[in-house]
Amino acid sequence: MNENTLRAVVGSKYCHDHYAEYDTKLEKEVFSPEILAEIIRNECDGLGRVDLSKIRSPGFYVDAGKLLVHFGNEVYQSNGEPVDTTPGAAIYESGPGLGFSFDTPAATQEEVQRLEEVIKGFNFQTSFGSVAVLGWFATAVFGAVVDNRPILAVTAESGSGKTTLINLLNGMLGPQAFLRDGIPTTAQVIHELENRSAALLVDELEARDTPKQSLKEFLKLLRTSFTNSKDARFTRVCGGRMRSFNAPAGILVAGIALPVFDGPAESRTVKIQMQMPSEGGPRMSNPLLASSNSDKIIELGARIRRLLMGRWDVLASTQKVVRGMLVGLGHEARAADLYSPLIAGYVALTSEELPSQEWLTAILEECQLTTVEVKNVQRDGDVCLSLLLNRRVDFYEEVGGKAVKSQRRIRDVIGRIMSSDLDDEMRRALIRQLEKFGLRPMWAKTTSKWKLVVATSDTNRGMGLLMQGTSWSSGGLKDVLLRLPGAVVGQQRVDGMSQKVVELCLREDLISPDSDGEYELPEAA
């Protein structure tokens, strides 16, 4: 805490007015940094060790059901009552402002309609697209106080307006957002969110330009933004030291061909499509989208964010009602958590009060959410077992008195073992070869059925080879296989050693050869 730092943080005039002493050499009052530094040290010692979870950077917070807004150098309740910032249950950290203050005039309904018309002017595949974008904008303003904040993924071909849309949202959010082209590094995100709460907008997110490791790290960051946590801040080791930062207030990504998200990130993502204007049709033109009107966009965004500050109760209440409606319609809990914040954000932006049940139903119908889409979800256990059975390995089978090597799928070899026309000597030979890979088909006398024993020990080298390059190369095989119907834990002899195994029921559809099915072909002329 040297003199220059104290002047920069506290203010030069304040330092001179309150912490000056008479200098006999200069014969005048001068600022004494030692006095202020000593006061700061004593006050810090009195407060005890720092608790990073109590630190509140500029942004939105909820205490006892009341919305608090930290503007950077002052904190207000949404009704205008100032908040005492003396360190206690919460520690308010000064930082960059939000781009608007409590005294900023709120936007009029005409200005909100103007924004809505601009967003609807983008050629979304369905009407839900514009609702999702406007709802995402509202939830990104409130940030971590919203229970769930889905990742919004926008995809379309080049020239559809993705970048124009992202630039518009970035300008409307002002200091409450930061924009990156391509995947940002963990260090870049932490640097942006150490002293503020802001939404992350990523443009040009393309599968062909995305290294796997960079995507993996990026998806870890994405998951931190979805759920409201009691701990508002996260910690990561970056550059050899522990860094504390806020979760992103919202995340929007856009690209022509987005990379494949992993399961956890995919389940937290809402995807919308934009389309090219029809050939010969007029392209969207709006003065608000002109690059020369960037100041007007920033000004309008500040007023709309000030308007939303007074509609927190509308958003929170609508989200609870809509979530209940979606669950009642048959949507899964995760789907309700995805769509309810976007619908609630749209309602808070366009209405000053909680809408009627009929209006909410009409919105859900417009967004095509009243019909529950039946999804065929691939379970981890089925995927893992299918991967095992479809591995191709070298097998030896005696033909004409000679051992003939052939590369075959494990599924086909098990089917061969189970066939009734195979002699016992050859059956045992194939089973012994499978045991080298940690697999053993066994005949259960009690049930008169075949079962498959899978070695799950970390020391089984054969199973380790089969799992290379999969999601289970580092472990977790047993937990996944135990989710399959009829799977049990056991101890069996595999490849001459007693090992921990998972015993699976071998259903006929698992080992029967793939059927070519029927193909619809044109009749011969």
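Remember, it's a predicted structure, so these values are computed and weren't measured experimentally.

Counting through the fold element by element, Thr 210 comes out in the loop between β10 (199–203) and α8 (212–223). In this structure Thr 210 touches Ile 183, Leu 205, Leu 215 and Pro 259, once residues within four positions along its chain are discounted.

Looking now at the sheet that holds strand β14 (residues 269–273). Taken together, the 5 strands give an open sheet; going across it, the order is β9-β10-β13-β8-β14, and neighbouring strands pair in parallel fashion. The strands lining the two open edges of the sheet, one partner per strand, are β9 (177–181) and β14. Sheet twist, expressed as the mean angle between neighbouring strand axes with direction ignored, is 15°. Sheet strands in contact with helix α6 (residues 162–173) are β8 (151–155), β9, β10 and β13 (251–255), and its direction is about 160° off that of β10. Its contacts with the sheet put α8 on β8, β10 and β13, and the angle it makes with β13 is roughly 140°.

Another aspect to go through is the pairing of strand β18 (residues 449–455). β18 sits mainly inside the fold: 5 of its 7 residues count as buried. Hairpin remark: strand β17 (residues 439–444) followed by β18, antiparallel, with 4 residues in the connecting loop; positive phi at Ser 448, about 55°. With 5 bridges joining them, β18 and strand β20 (residues 497–505) adopt antiparallel strand pairing. What sits directly across from Val 453, in β20, is Glu 503.

The next thing to look at is the pairing of strand β16 (residues 402–409). Successive residues of a regular strand alternate their side chains across the two faces of the sheet. Of the pairings in the sheet, the one linking strand β15 (residues 392–399) to β16 comprises 8 bridges and is antiparallel in character. The partner of Val 399 across the bridge, within β16, is Lys 402. What sits between the antiparallel neighbours β15 and β16 is a turn of 2 residues, in which Gly 400 has the positive phi angle 60°.

Let us look at the sheet that holds strand β4 (residues 59–63). Strands sit in the order β4-β5-β6 across an open sheet of 3 strands; the sheet is antiparallel. In this open sheet, the two edge strands, each paired with only one partner strand, are β4 and β6 (75–77). Geometrically, the sheet is characterised by an average inter-axis angle of 25° between neighbouring strands, direction not taken into account. As paired strands, β4 and strand β5 (residues 66–70) are joined by 5 bridges and run antiparallel to one another. Its bridge partner lying in β5, Phe 60 is registered against Val 69.

Looking now at the pattern of salt bridges. Counted under the stated rule, the structure contains 18 salt bridges. Close ionic contact of Arg 303 with Glu 299 constitutes a salt bridge, the shortest N to O distance being 2.9 Å. On the criterion of helical spacing, the pair formed by Arg 303 and Glu 299 is a turn pair, its members being 4 residues apart in helix α10 (residues 294–309). Relative accessible area serves as the criterion here: at 16%, Arg 303 is assigned to the buried category.

Another point: helix α12 (residues 333–350). For α12, with 18 residues, the first-to-last C-alpha span of 26 Å sits near the 26 Å given by 1.5 Å per residue. Counting buried positions over the 18 residues of α12 gives 16, a clear majority of the element.

By size, the foremost hydrophobic cluster in this structure holds 75 residues, and its most contacted members are Phe 60 and Trp 136. Counting 33 residues, the second largest nonpolar core, distinct from the first, contains Leu 422, Leu 452, Val 502 and Leu 506.

Further remarks concern the environment of Pro 96. Its place among the elements puts Pro 96 in the loop between β7 (91–92) and α4 (109–120). Classification of Pro 96 as partly exposed rests on a relative accessible area of 45%. Taking the C-alpha atoms as reference points, Pro 96 and Gly 59, separated by 37 residues in sequence, lie 9.9 Å from one another. Once you skip the residues sitting within four places of it in the chain, Pro 96 turns out to touch Pro 58, Phe 71, Gly 72, Asn 195 and Arg 196.

Right, let's talk about the layout of surface pockets for a bit. The volume enclosed by the second largest pocket comes to roughly 1300 Å³. Surrounding the second largest pocket, 31 residues form its lining, Glu 43, Cys 44, Pro 87, Ile 91 and Tyr 92 being those nearest its centre. Of all the secondary structure elements, the ones that give two or more residues to the lining of the second largest pocket are α1 (3–10), α3 (33–47) and β7. Looking at which element gives the most residues to the lining of the second largest pocket, the answer is α3, with 6 residues. Split into classes, the residues belonging to the lining of the second largest pocket amount to 16 nonpolar, 9 polar and 6 charged.

With that settled, consider the packing of α1 against α3. Between α1 and α3, the least distance of the axes is 10 Å, while the angle of their chain directions is 65°. Here α1 is positioned roughly perpendicular relative to α3, judged by the angle of their axes. Crossing of α1 against α3: the hand is left-handed. On the side of α1, the interface is formed by Glu 3, Leu 6 and Val 10, while α3 contributes Pro 33, Leu 36, Ala 37 and Ile 40. A breakdown of the residues in the contact of α1 with α3 according to their chemical character gives 6 nonpolar, no polar and 1 charged.

Here the focus is the confidence of the model for the chain. Put simply, the chain has an average pLDDT of 87, and 94% of its residues get 70 or more. The secondary structure element of the chain with the lowest average pLDDT is helix α19 (residues 508–511), at 69, and the one with the highest is helix α5 (residues 128–142), at 95.

To continue, consider the packing of aromatic side chains. The tally for this structure, following the rule as stated, stands at 9 aromatic pairs. With a centroid separation of 6.3 Å and an interplanar angle of 55°, the aromatic rings of Tyr 14 and Tyr 19 are classed as tilted. Accessibility expressed as a relative area gives 17% for Tyr 19, which makes it buried. Ring plane angle 85° and centroid distance 5.5 Å describe the contact between Phe 71 and Phe 100, whose orientation is recorded as edge-to-face. Here Phe 71 is found in the loop between β5 and β6, whereas its partner Phe 100 is found in the loop between β7 and α4, with 29 residues between them in sequence. Comparing Phe 71 with Phe 100, the two get one shared label, buried.

Phi angles above zero are rare outside glycine, and Ala 64 is one such case at about 50°. Along the polypeptide, Ala 64 turns up in the loop between β4 and β5. When its relative accessible area of 83% is taken as the criterion, Ala 64 is described as exposed. Despite not being glycine, Asp 495 has its phi angle at roughly 55°, a positive value.

How each quantity is defined
Within each chain, residue numbers correspond to sequence positions counted from 1 in written order. Only residues with pLDDT of at least 70 are given local features in this predicted model, and only at 80 or more are side-chain atom pairs given and counted; all residues enter the totals for whole chains, interfaces and linings. To obtain the side-chain values, all non-hydrogen atoms of the structure were included, while hydrogens and water were left out. Counting from the N terminus, the helices are DSSP H or I runs at least four residues long and the strands are E runs at least two residues long. The contact criterion used throughout is that any non-hydrogen atoms of two residues lie within 4.5 Å. Strand pairing is assigned whenever DSSP detects at least two bridges linking the two strands. Each axis is a line fitted through C-alpha atoms, taken for helices only over the stretch in contact, and angles between the N-to-C directions span 0 to 180 degrees. Classification of residues uses two cut-offs on accessible area relative to the type maximum, computed with a 1.4 Å probe and protein chains only: under 20% is buried, over 50% is exposed, and between them is partly exposed. The salt bridge definition used is simple: a Lys or Arg side-chain nitrogen within 4 Å of an Asp or Glu carboxyl oxygen. To estimate the expected span of a helix, count its residues, drop one, and scale the result by 1.5 Å. For this analysis, a nonpolar core means a set of buried residues of the types Ala, Val, Leu, Ile, Met, Phe, Trp, Tyr and Cys, connected via side-chain atoms within 4.5 Å. Cavity and pocket criteria rest on a 1 Å grid covering protein atoms alone: a 1.4 Å probe that fits but cannot get out defines a cavity, protein on both sides within 12 Å along at least 5 of 7 lines defines an open pocket, and an atom within 4 Å of a point defines a lining residue. Grid points are joined across faces, edges and corners, and a volume is the space filled by probe spheres set on the points. Gly is placed with the polar residues, together with every amino acid not listed as nonpolar (Ala, Val, Leu, Ile, Met, Phe, Trp, Tyr, Cys and Pro) or charged (Asp, Glu, Lys and Arg). Each angle is binned into one of four classes, with values under 35 degrees roughly parallel, values over 145 roughly antiparallel, values of 65 to 115 roughly perpendicular, and all other values oblique. By the definition used in this description, the sense in which the near helix is turned from the far one sets the handedness, with an anticlockwise turn below a right angle giving left-handed and a clockwise turn giving right-handed. Confidence scores labelled pLDDT are given residue by residue by the predictor and lie between 0 and 100. The pairing test for Phe, Tyr and Trp rings, Trp by its six-membered ring, is centres within 6.5 Å, and the orientation test on the planes gives stacked under 30 degrees, edge-to-face over 60, and tilted for anything in between.

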